[in-house]
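Here are the chains, one letter per residue:
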Amino acid sequence: ARVKVAVNGYGTIGKRVADAIKLQPDMELVGVAKTSPNYEAFTAVKKGYKLYVPKENAAKFEKAGIQVSGYIEDMINEADIIVDTTPNGIGASYKPLYQKFGKKAIFQGGEKADVAEVSFSALCNYNEAINKNYIRVVSCNTTGILRTLCTINSKVSKIEKVRVTVVRRASDPKEVKKGPINSIVPDPASVPSHHAKDVLTVMKGIDIISMAVVAPTTLMHMHLMNITMKEPVRREDVINALKDTERIVLINSSRTGIGSTAEIIEVSRDIGRYRNDIPEVVVFEDSVYSHNNELFLMYGVHQESIVVPENIDAIRAAMNLADKNESIKITNDTLGLMK
Ligand code: NAD
């Protein structure tokens with residue numbers, strides 16, 4: 001029987017995870033939950049998804065003419081596992097409810113690490129998540145950092161330390177009240193940023209320091225990474241390792257003319273990818289530079305979609321449906337990842 005999955009919080013991440021679950025041969029979507037009767041609730045129902053709401057808000061949905069299938073508790077009761085994609089910090093407040101119903105749950109990077117038994121990034125630590133009841137998929141930025149570091153550490157040679165600067169998008173495209181629109185802001189103002197700490201929840205003990213600025217863009221994040229390896233490193237070896245890895249793609253800017261996040265997104269639009277999503281880490285091949293033990297690279301992270309394949313793998317790990325390679329392959333094939 002297919003695993004019954006519910007999505008609590010149908011926003012930027014939740015809608016993508018729900019669509020992805022619909023494509024999995026071993027999963028069934030019970031429904032999605034939302035608190036406010038906005039356009040996302042309307043489109044969920046339009047797509048044929050069962051919509052569940054808090055009891056106290058049901059009248060508002062009715063007034064808005066949005067058909068509701070039940071209350072959030074009904075959805076949780078019917079599911080084997082819940083993917084919690086509610087806003088930052090709300091997921092933790094739902095944990096007692098998931099526990100009350102004896103259901104497993106996948107949380108997102110906006111939650112504190114202690115909400116779950118394990119923080120998760122499929123390429124790095126799939127096996128640690130097998131059979132766990134509570135798994136936290138790390139944030140979009142951390143997913144980008146971890147895919148890159150785990151690949152280099154396992155396929156090139158051992159990493160001694162990492163220094164990374166995160167240039168964050170100011171808001172998702174749908175968000176109208178966030179900024180800045182004319183400035184680049186250190187965020188947080190102090191160093192290190194929380195990204196390094198988040199990486200440590202998966203790559204325990206690694207020497208990593210991160211800094212972050214927020215930039216007036218909605219399309220993607222960009223990371224500027226400097227890694228010191230334990231031994232001298234060759235550029236070709238790094239490029240080959242990245243080329244050889246699923247969920248990482250390289251673009252050669254001089255050959256393709258793709259030299260910015262705007263052009264990456266434009267390609268995604270041109271090739272008709274749903275919602276312009278790019279769940280792969282997109283490495284600017286020309287930026288890969290080695291100097292003795294030091295390695296430099298820059299890559300883009302599509303914040304809205306990069307964690308979607310990881311959420312699907314986290315479900316499989318929690319329910320012990322497949323081993324790491326099998327799960328990654330099914331997820332990549334069904335979601336149409338480039339590799
Ligand atoms: P979002 O605001 O787009 O969506 C959240 C959804 O949850 C909305 O539909 C909202 O109606 C619903 N919601 C709010 N309160 C609720 C409640 N009490 N019960 C049920 N539903 C409720 O948020 P998002 O950007 O999708 O973020 C969700 C999580 O994913 C956060 O932890 C965030 O840190 C993480 N994340 C976000 C991004 C990103 O770039 N947007 C990337 C990676 C991870």
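Before going into details, it helps to say that this report is about the structure given with it. Predicted model only: the values in this text are computed from it and were never measured.

Throughout the structure, instances matching the rule amount to one disulfide. Here Cys-124 engages in a disulfide with Cys-150; their sulfurs sit 2.0 Å apart. Looking down the S-S bond of the Cys-124 and Cys-150 bridge, the torsion is 115 degrees, so its handedness is right-handed. With Cys-124 in helix H6 (residues 122-125) and Cys-150 in helix H7 (residues 140-155), the pair connects residues that are 26 residues apart, well separated along the chain. Here Cys-150 falls in the buried class, since its relative accessible area comes to 12%.

What follows concerns the pattern of salt bridges. Side-chain pairing between opposite charges can occur once the charged atoms of the two side chains come close. Enumeration according to the criterion identifies 24 salt bridges in this entry. The shortest N-O distance in the salt bridge between Arg-16 and Glu-304 comes to 3.4 Å. Of this pair, Arg-16 sits in helix H1 (residues 12-22) while Glu-304 sits in the loop between strand S16 (294-301) and helix H12 (308-319), and the two are 288 residues apart along the sequence. Grouping residues by exposure puts Arg-16 and Glu-304 together as buried. Between Asp-26 and Arg-316 there is a salt bridge whose closest N-O contact spans 2.6 Å. Of the two residues, Asp-26 sits in the loop between H1 and strand S2 (27-33) while Arg-316 sits in helix H12, which places them 290 residues apart along the sequence.

Taken together, 22 residues lie near the ligand, and Lys-34, Asn-88, Tyr-94, Asp-172 and Lys-174 sit nearest. Gly-11 is positioned with one of its backbone polar atoms (N or O) 3.4 Å from an oxygen atom of the ligand. Contacts to the ligand include Arg-169, whose side-chain N or O atom sits 3.0 Å from an oxygen atom. Those elements giving two or more residues to the shell around the ligand turn out to be H1 and helix H5 (90-100). The class makeup of the residues in the shell around the ligand is six nonpolar, twelve polar and four charged. Viewed by domain, the shell around the ligand spans two of them, domain 1 (3-138 + 307-335) and domain 2 (141-301), each represented by three or more residues.

Another point: H5. An α-helical turn contains 3.6 residues, so any two residues separated by three or four positions project in the same direction. All buried positions along H5 are accounted for by Gly-91, Tyr-94, Lys-95, Leu-97 and Tyr-98. For H5, the elements touching its buried residues are strand S1 (3-8), helix H4 (72-78), strand S5 (81-84), strand S6 (104-107) and strand S8 (134-137). Among the residues trailing H5, Gly-102 stands out with phi positive, at a value near 65 degrees.

Parameters at a glance
Here the residue index of a chain counts from 1 through its sequence in written order. Local features in this predicted model are restricted to residues whose pLDDT is 70 or higher, and side-chain atom pairs enter the listing and the counts only when it is 80 or higher, whereas totals over whole chains, interfaces and linings include all residues. Hydrogens and waters are ignored; side-chain quantities use all the structure's heavy atoms. A pair of cysteine sulfur atoms is labelled a disulfide when the two atoms are within 2.5 Å. Helix and strand assignments come from DSSP, with helices taken as H or I runs of at least 4 residues and strands as E runs of at least 2, each series counted from the N terminus. Classification of residues uses two cut-offs on accessible area relative to the type maximum, computed with a 1.4 Å probe and protein chains only: under 20% is buried, over 50% is exposed, and between them is partly exposed. For salt bridges, the criterion is a side-chain nitrogen of Lys or Arg within 4 Å of an Asp or Glu carboxyl oxygen. For this purpose, a residue is taken to be near a molecule or strand whenever a single non-hydrogen atom of the residue falls within 4 Å of it. Polar contact is defined as a pair of N or O atoms within 3.5 Å, subject to the rule that within protein one atom must be able to donate a hydrogen and the other to accept it, and that residues adjacent in sequence are counted only when both atoms are side-chain atoms. Basically, the charged four are Asp, Glu, Lys and Arg, the nonpolar ten are Ala, Val, Leu, Ile, Met, Phe, Trp, Tyr, Cys and Pro, and anything else, Gly included, counts as polar. Note that the domain bounds were set by an automatic or database domain assignment. Here, two residues are considered to be in contact whenever any of their heavy atoms come within 4.5 Å of each other.

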